Amino acid sequence: MPDIDFDFGFTAVDENELEAVQSVVQKAEASSQTVQQLEEKINRLYNAIQPLLTNLKKNPEKEYIYWPKRTAKIDQFEDTLRKIIEG
């Protein structure tokens, strides 16, 4: 004789429990999208900053860095970083 107490794998819930679960799922999806956006920004920031650090490490035996028009270059770099953060 087959087992009469077969479990179909579902549970009855009331409307409040269903809404709570749906709310949590929506929040989790939104958080996941936010995490992906932040990871992309972090990667873009890293890729923007890394060449600067690499160039600063070149020729460590020299005590001075010749950097003409550095204020303009730094302003451009700040704009680039700002666009990444705001974008």
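Residues numbered from 1 in each chain as written. Predicted model: local features only at pLDDT ≥ 70, side-chain atom pairs only at ≥ 80, totals over all residues. Heavy atoms only, no water.

**What to know about the overall build of the protein chain**
Each helix and strand counted, the protein chain has two helices and zero strands in total. Seen through its C-alpha atoms, the protein chain measures out along the principal axes to roughly 90 × 30 × 15 Å. Evaluated residue by residue, the protein chain yields a buried proportion of 2% over its 87 residues. Accessible area of the protein chain: about 8500 Å², with a carbon and sulfur share of 56%. (Helix = DSSP H or I, 4+ residues; strand = E, 2+ residues; numbered from the N terminus. Buried < 20%, exposed > 50% of the residue type's maximum accessible area, 1.4 Å probe, protein only. Areas by Shrake-Rupley, 256 points an atom, 1.4 Å probe, with all protein chains shown as cover.)

**So, a negative patch on the surface**
On the surface, D14, E15, E17 and E19 cluster together into a negatively charged patch. Its place among the elements puts E15 in helix α1 (residues 15-57). Accessibility expressed as a relative area gives 58% for E15, which makes it exposed. (Patch = residues over 30% accessible without salt bridge, like charges linked within 9 Å, V, L, I, M, F, W, Y side chains within 5 Å. Salt bridge = Lys/Arg side-chain N within 4 Å of Asp/Glu carboxyl O. Lys, Arg positive; Asp, Glu negative; His and termini not counted. Charge placed at Lys NZ, Arg CZ, Asp CG, Glu CD.)

**Let's talk about unusual backbone geometry**
With phi around 50°, N59 is a residue other than glycine that occupies positive phi space. Assignment of secondary structure puts N59 in the loop between α1 and α2 (70-86). In the Ramachandran plot, K69 falls in the positive-phi region, its phi being about 55° despite a non-glycine side chain. As for its placement among the helices and strands, K69 is situated in the loop between α1 and α2.

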